[in-house]
Amino acid sequence: MSGPRIQAAPLTAEAFAPFGDVIEARGAPDIMINQGRCGRFHDRARLDFGDEGRAGLSLFDAEAETLPASLGMMERHPLGSQAFVPMDPVAMLICVAPDASGRPGEPRAFLSQPGQAVNLMRGVWHGVLNPIGGPGRFLVIDRIGAGDNLEEHWFEHPITVQGDLS
């Protein structure tokens, strides 16, 4: 792969905060429920579907990606957030970018660990769903409603994303 290259970093809540939320159960639960038999990690994502949208739950069955990967296109959803919750124990490659006058700015890449999920904030440029190390089924929570909620940007030269799962 030729062209620009970026290195994927481990997915952490702090590093990912400008783009959305890392959804995971870390540390002690916020609340114990069900007669003390279930820990609730409360309100872990800022879901946003706008005034005219509603939450939709979909299942995605995604093919595995390998590293290095090629990032040829990024998309964003201007009308609502989008969360990817793995249902299989797979890592994800998450590519995101700030907005730069209606186009993706400098891309960043993150590698999740199995058990981590992400919520992408409304309008955040991102790559497509990429499970790493094997195929994966995902619960996707996103906006259902009227309006055009998808914008795509294709790069003139794809970006190579490198990373290490260790």
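These numbers come from a predicted model, not from an experiment.

**Student:** How would you sum up the environment of Gln82? Please name residues and give values.
**Tutor:** Residue placement: Gln82 occurs in strand β7 (residues 82–86). Gln82 sits in the buried class, given a relative accessible area of 5%. Spatially, the C-alpha atom of Gln82 lies 13 Å from that of Val96, the residues being 14 residues apart in sequence. The contact partners of Gln82, leaving out residues within four places of it in the chain, are Glu75, His77, Val118, Asn119, Leu120, His126, Val140, Ile141 and Asp142.

**Student:** Before we move on, can you summarise the pattern of salt bridges with the specific residues and values?
**Tutor:** All told, the structure shown has 7 salt bridges when counted by the stated rule. Ionic pairing is found between Asp30 and Arg44, a salt bridge with its closest N-O pair at 3.2 Å. Of the two residues, Asp30 sits in the loop between β2 (20–23) and β3 (31–33) while Arg44 sits in the loop between β4 (38–40) and β5 (54–62), which places them 14 residues apart along the sequence. For Asp30, a relative accessible area of 44% puts it in the partly exposed group. Residue Arg122 is joined to Asp48 by a salt bridge in which the shortest nitrogen-to-oxygen separation is 2.6 Å. Of this pair, Arg122 sits in the loop between β10 (117–120) and β11 (125–126) while Asp48 sits in the loop between β4 and β5, placing them 74 residues apart in sequence.

**Student:** Break down the nonpolar core for me, citing the residues and quoting the values.
**Tutor:** Counting 17 residues, the largest nonpolar core has Phe16, Ile94 and Val96 as its most contacted members. Among the elements of the structure, β8 (91–97), β10 and β13 (136–144) are those that each provide at least two residues to this core. Per-element tally for this core: the top contributor is β8, with 3 residues. In this structure, Val96 is in contact with Phe16, Phe19, Met74, Glu106, Pro107, Arg108, Phe110, Leu120, Val124, Trp125 and His126, ignoring residues within four places of it in sequence. Judged by nonpolar contacts, the second largest core, of 16 residues, contains Ile6, Ala8, Leu93 and Trp125.

**Student:** Go over the packing of aromatic side chains, please, and point to the residues and values.
**Tutor:** Inspection of the entire model under this criterion finds 3 aromatic pairs. Between Phe16 and Phe110, the ring centres sit 5.4 Å apart and the planes meet at 85°, which makes this aromatic pair edge-to-face. Here Phe16, found in helix α1 (residues 13–16), pairs with Phe110, found in strand β9 (residues 108–111); they are 94 residues apart in sequence, far enough to count as distant. Across the pair, Phe110 and Phe16 agree in class, each one buried. Residues Phe60 and Phe84 carry aromatic rings whose centres are separated by 6.4 Å and whose planes lie at 70° to one another, so their mutual orientation is edge-to-face. Pair noted here: Phe60 is in strand β5 and Phe84 is in strand β7, with a separation of 24 residues, a long-range link. For Phe84, a relative accessible area of 7% gives the class buried.

**Student:** Break down the sheet that holds β5 for me, citing the residues and quoting the values.
**Tutor:** Within a sheet, each strand pairs with its neighbour through backbone hydrogen bonds, oriented either parallel or antiparallel. The strand order β2-β10-β7-β13-β5 describes an open sheet built from 5 strands, whose pairing is antiparallel. At either margin of the open sheet sits one strand with a lone partner, and together these are β2 and β5. Strand-to-strand twist of the sheet, defined as the mean angle between neighbouring strand axes without regard to direction, takes the value 20°. The pairing of β5 with β13 spans 9 bridges and is classified as antiparallel. Residue pairing in the sheet places Phe60 in a bridge with Phe138 of β13.

Definitions and limits used
Residues numbered from 1 in each chain as written. Predicted model: local features only at pLDDT ≥ 70, side-chain atom pairs only at ≥ 80, totals over all residues. Heavy atoms only, no water. Helix = DSSP H or I, 4+ residues; strand = E, 2+ residues; numbered from the N terminus. Buried < 20%, exposed > 50% of the residue type's maximum accessible area, 1.4 Å probe, protein only. Contact = heavy atoms within 4.5 Å. Salt bridge = Lys/Arg side-chain N within 4 Å of Asp/Glu carboxyl O. Core = buried A, V, L, I, M, F, W, Y, C linked by side-chain atoms within 4.5 Å. Phe/Tyr/Trp six-rings, centres within 6.5 Å; stacked < 30°, edge-to-face > 60°. Pairing = 2+ DSSP bridges. Axes fitted to C-alpha atoms, helices over the stretch in contact; angles between N-to-C directions.

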